[in-house]
Amino acid sequence: MTAVTDQDHDRGHTEPAEDGAAESVPEKTEKTEKAEKAEKAEKEVEEAKEGEEAEASGAETDVAAAKEAGADGDGGHARVEDDTAGGDSGTAWDDGLIARRVNENAGEQAPPVVERRASAKQTPTTLAYDGVLRSRLDALRELVGLSRTRLDSRTLAEAGRVLDEAAARRRLSGQHTVIAIAGATGSGKSQLFNALAGVTISETGVRRPTTAAPIACSWSDGAAALIDRLGIPPRLRRRPAGQHADAEGQLRGLVLVDLPDHDSAAVQHREQVDRVLALVDAVVWVVDPEKYADAMLHERYLRPMAGHAEVMFVVLNQVDRLPGEAAEQVLDDLRRLLDEDGIALGEYGEPGATVLALSALTGDGVGELREALGQFVTERGAAARRISADVDAAGWGLRPVYATSRRTGLSEEARDEFAARLADAVGATAAGEAAERAWLRNANRACGTPWLRLWRWYQDRSEPSTGRLPLRTQADEEATARQRVEQAVRTVAERASAGLPTPWAQAVREAAVRGSQGLPEALDDLAARAGLPPGRPPRPGWWPAAVLVQASMTLLQVVGGLWLAGQIVGVMAPNLGVPVLLMVAGIIGGPLVEWSCRMAARGPARRYGMDAERRLREAAAGCGRARVLDPVAAELLRYREVREQYGRVMGVGVG
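As the structure is a computational prediction, the values presented were derived from the model and not from experiment.

Analysis parameters
Residues numbered from 1 in each chain as written. Predicted model: local features only at pLDDT ≥ 70, side-chain atom pairs only at ≥ 80, totals over all residues. Heavy atoms only, no water. Helix = DSSP H or I, 4+ residues; strand = E, 2+ residues; numbered from the N terminus. Buried < 20%, exposed > 50% of the residue type's maximum accessible area, 1.4 Å probe, protein only. Contact = heavy atoms within 4.5 Å. Areas by Shrake-Rupley, 256 points an atom, 1.4 Å probe, with all protein chains shown as cover. Pairing = 2+ DSSP bridges. Expected span 1.5 Å × (residues − 1). Arc of directions from axis to C-beta. Axes fitted to C-alpha atoms, helices over the stretch in contact; angles between N-to-C directions. Parallel < 35°, antiparallel > 145°, perpendicular 65-115°, else oblique. Left-handed = near helix turned anticlockwise from the far one by under 90°. Salt bridge = Lys/Arg side-chain N within 4 Å of Asp/Glu carboxyl O. pLDDT = per-residue confidence, 0-100. Phe/Tyr/Trp six-rings, centres within 6.5 Å; stacked < 30°, edge-to-face > 60°. Core = buried A, V, L, I, M, F, W, Y, C linked by side-chain atoms within 4.5 Å. Patch = residues over 30% accessible without salt bridge, like charges linked within 9 Å, V, L, I, M, F, W, Y side chains within 5 Å. Right-handed = clockwise from strand over helix to strand, strands pointing away.

Peer 1: Summarise the overall build of the protein chain; cite the residues concerned and give the values.
Peer 2: Each helix and strand in the protein chain was counted, giving 21 helices and eleven strands. Every one of the 655 residues in the protein chain was classed for burial, and the buried ones make up 47%. Considering only contacts within the protein chain whose residues lie at least 6 apart along the sequence, 77% involve residues at least 24 apart. A total of about 32700 Å² of accessible surface is found on the protein chain, and carbon and sulfur atoms cover 53% of it.

Below you can see the structure in the form of structure tokens.
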């Protein structure tokens, strides 16, 4: 149902109708034929809606809301609130007979109207982002996804909000530009809002704060969804005066929002300002000569929004209060403060904020602002530039957790050092030396004299037949080995996390610590399995010949000894030379053959020991790589991926 009020103090009065609608009846002594037809149409509508109690109750609510929110500052403009006429007609009351009669008899400027909710449905063209912005948004989405398990939700909250707002804005009209007018108490922003609309919409006055809730004014249809996104109720939506809207065709597509004071004493007002500023496509900051340098304005709003300079207008209002050249001096000082805030000024054709001086009271400079807004709206690029600036701001906010100024990762030197530390902890060097000694001992046993072999056999009776030396026999040695492993893990974790942002450095260290659990036990098992092969060491091909020569020397000793014994007992003729010579040859030749074999066995024994040490080192390095280095490398790879995505978000390449 439609509520229509006319608050003209000079020529009319308002009488509430029975169904809750307020009908304005002009004072005329006689009715024209057109007026009679209009009255007849009114009666038909009233008769059709009699008895509908629920609808009548809703109409009374609308009238009360219109009276509460529709009062202008000067009280000289009518407020018309549109709603559906009920049934299937879908015709708004302000386009019907009653509204036309009011307009025809008012004899003054047409009143602002609430945006029609039941007008013909339109499907405005949705916003389209260019390829660069789409790529940056995709990279930001990928960045957030890769970082959820490494960063807390508060760190990613702003990036998530930007993605949500970008997706929400993209689904809405791309033919409209939402611009908010913001300012401090007494700056005259509502007065400027009314001047741009050509009619009093937002209440002005000396009472502070004057504007209690955001008010939207749309210059064209199809912006309802955009205004819904701002949370502005229908009773606070307006349209500029009809003839003014036609004259200002350059503003077609503009949705202007008057915000409460950002320095209001009411907390809810400041909260509304912050909420709406995060959703609009652009903002017009209105400052006055007294508070243009206010610290709250610069520190809380302008400085944090320095990256949004391309979607920002800064207007110095009330210049009519400044004498002579004072306006230019204040404007120059305002530009200086904006430059200190890091806000780029759009001068000499460069992109940046537009800075103007005007007087909303006298109208001086308002045309220049209207022209600038018209060109800005016509470009249809404010929404994309706002989203791009939001992405920039979110990226700079995430810089401490992604960017680093030094090379990161594990070098080959660090990997080799870690493997060497593990090899020392597992006793790879000692195992190689033990293998070498075992090979030499086996060679001595095979090529030594029988008498020496009997003596060594007697000494080695209690030793294992394999010739292996136990590597871990003492409790203190095991404790020392465990400490070496822990120290190796700490060292490689510190080197891998050096230079990384704190969250990723912590993730690398945690991955190393998790991998080190059970590592000493695994290395002990490797030492037992990969240290020395079971059985005797392999024999070279010359060993049989050496054994045969050593047996010959022993045989010479035995023959010479038996010969001498036979001579002593008288069985053989005395002849000391030959048996003595045989015995001396055997006695000297046996040790000589043994020494020669030992010299010849040093090379193979060394190679055998080095091979055993290499196998143990490789086994220890493989265990350390699987348990520690691979998880650490995975974290570093994840960091490189997010850093690459971060570079795409910021529009730069990452080395």
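Peer 1: Give me the lowdown on the pairing of strand β5 (residues 177-183), citing residues and values where you can.
Peer 2: Here β5 lies mainly inside the structure; seven of its seven residues are buried. Pairing geometry for β5 and strand β8 (residues 254-258), over five bridges, is parallel. Counted as the bridge partner of Ile179 is Leu256 from β8. Here β5 runs beside strand β9 (residues 282-287); their pairing, made up of five bridges, is parallel. When the sheet's bridge partners are listed, Ile179 is paired in β9 with Ala282.

Peer 1: Pulling in residues and values, what's your account of helix α12 (residues 366-378)?
Peer 2: Under the 1.5 Å per step criterion, the end-to-end length of α12 is 18 Å for 13 residues, consistent within 8% with the ideal 18 Å. The complete set of buried residues in α12 reads Val366, Leu369, Arg370, Leu373, Gly374, Phe376 and Val377. Each buried residue of α12 sits inside an arc of 165° when the element is viewed along its axis, so together they form one side. Counted as exposed and oriented over 90 degrees from the buried face of α12: Glu371, Gln375 and Thr378. Arg380, located one to two residues past α12, shows a positive phi value of around 55°.

Peer 1: Just give me the short version of the packing of helix α14 (residues 412-426) against helix α21 (residues 577-650), but keep the residues and values in it.
Peer 2: Any two packed helices are characterised by how steeply their axes cross, that is the angle between the axes, and by the distance between the axes. Two numbers describe how α14 lies on α21: the axes approach to 9 Å, and their chain directions differ by 130°. Comparing their axes, α21 and α14 come out oblique. The interaxial crossing formed by α14 with α21 has right-handed handedness. Across from Arg415, Phe418, Ala419, Ala420, Leu422, Ala423, Asp424 and Val426 in α14, the residues of α21 making contact are Leu616, Arg617, Ala620, Ala621, Gly624, Val628, Leu629 and Ala633.

Peer 1: Talk me through the environment of Leu322; I want residue IDs and the actual numbers.
Peer 2: Note that Leu322 resides in the loop between β10 (312-316) and α11 (326-340). For the pair Leu322 and Pro289, spaced 33 residues apart in sequence, the C-alpha separation works out to 7.9 Å.

Peer 1: Tell me about the sheet that holds β9, and please be specific about residues and values.
Peer 2: Taken together, the seven strands give an open sheet; going across it, the order is β7-β6-β8-β5-β9-β10-β11, and neighbouring strands pair in mixed fashion. Each having just a single partner strand, β7 (237-238) and β11 (354-357) make up the two edges of the open sheet.

Peer 1: With reference to specific residues and values, describe the pattern of salt bridges.
Peer 2: Taken as a whole and assessed by the stated rule, the structure comprises 29 salt bridges. Taking the shortest distance from any N to any O, the salt bridge between Arg300 and Asp274 comes out at 2.7 Å. You can see Arg300 sitting in helix α10 (residues 295-302) and its partner Asp274 sitting in helix α9 (residues 267-277), a full 26 residues away along the chain. Take Arg300: its relative accessible area is 37%, and that puts it in the partly exposed class. A salt bridge links Asp333 to Arg336; the nearest nitrogen and oxygen atoms lie 2.7 Å apart. One end of the pair is Asp333 and the other is Arg336, both in helix α11 and three residues apart, which spans about a single turn. Overall, Asp333 belongs to the partly exposed group, its relative accessible area being 21%.

Peer 1: Summarise the confidence of the model for the protein chain; cite the residues concerned and give the values.
Peer 2: One rule of thumb: low pLDDT means the predicted coordinates there are not for detailed reading. On average, residues of the protein chain score 76 in pLDDT, and 72% of them reach the 70 mark or higher. A low-confidence stretch, residues 1-35 (pLDDT under 50), is modelled with 65 contacts involving residues beyond four sequence positions or located in other chains. Within the model, the stretch residues 466-473 combines pLDDT values under 50 with 19 contacts to residues more than four positions away or in other chains.

Peer 1: Pulling in residues and values, what's your account of helix α6 (residues 189-197)?
Peer 2: Burial runs high along α6: seven of the nine residues are buried. Of all the positions in α6, only Lys189, Ser190, Leu192, Phe193, Asn194, Leu196 and Ala197 are classed as buried. Trailing α6 by a residue or two, Gly198 shows a phi angle of about 75°, which is positive.

Peer 1: For the packing of aromatic side chains, give the residues involved together with the corresponding values.
Peer 2: Taken as a whole and judged by the stated rule, the model has five aromatic pairs. Ring centres of Trp285 and Tyr301 lie 5.4 Å apart, and the angle between their planes is 50°; this geometry places the pair in the tilted category. Linking Trp285 in strand β9 with Tyr301 in helix α10, this pair joins segments that are 16 residues apart in sequence. Members of the aromatic cluster, joined through ring pairs, are Tyr402, Trp504, Tyr639 and Tyr646.

Peer 1: Can you break down the nonpolar core residue by residue, with the values?
Peer 2: Membership of the largest hydrophobic core comes to 75 residues, with the highest contact counts inside it found for Val257 and Trp285. If you tally residues by element for this core, the top one is α11, at seven residues. Among residues more than four places away in sequence, those in contact with Trp285 are Ala182, His262, Leu277, Leu297, Tyr301, Leu302, Met305, Met312, Phe313, Val314 and Val315. Formed by 61 residues, the second largest nonpolar core is a distinct cluster that contains Leu143, Ala493, Leu500 and Val642.

Peer 1: Got a sec to walk through a nonpolar patch on the surface? Specific residues and values, please.
Peer 2: On the surface, a nonpolar cluster with roughly 430 Å² of combined accessible area is contributed by Leu576, Val580, Val584, Ile587 and Ile588. Residue position: Ile587 is located in helix α21. A relative accessible area of 46% means that Ile587 is categorised as partly exposed.

Peer 1: Give me the pairing of strand β6 (residues 215-218): which residues, what numbers.
Peer 2: Across the two faces of β6 the burial is the same, with Ile215 and Cys217 and Ala216 and Ser218 all buried. Direction of pairing for β6 relative to β8: antiparallel, over a ladder of four bridges. Bridge assignment links Ala216 to a residue of β8, and that residue is Val257. Across two bridges, β6 lies against β7 in parallel orientation. Counted as the bridge partner of Ala216 is Arg237 from β7. In this view, the connection linking β6 to its parallel neighbour β7 by way of helix α7 (residues 224-230) has right-handed handedness.

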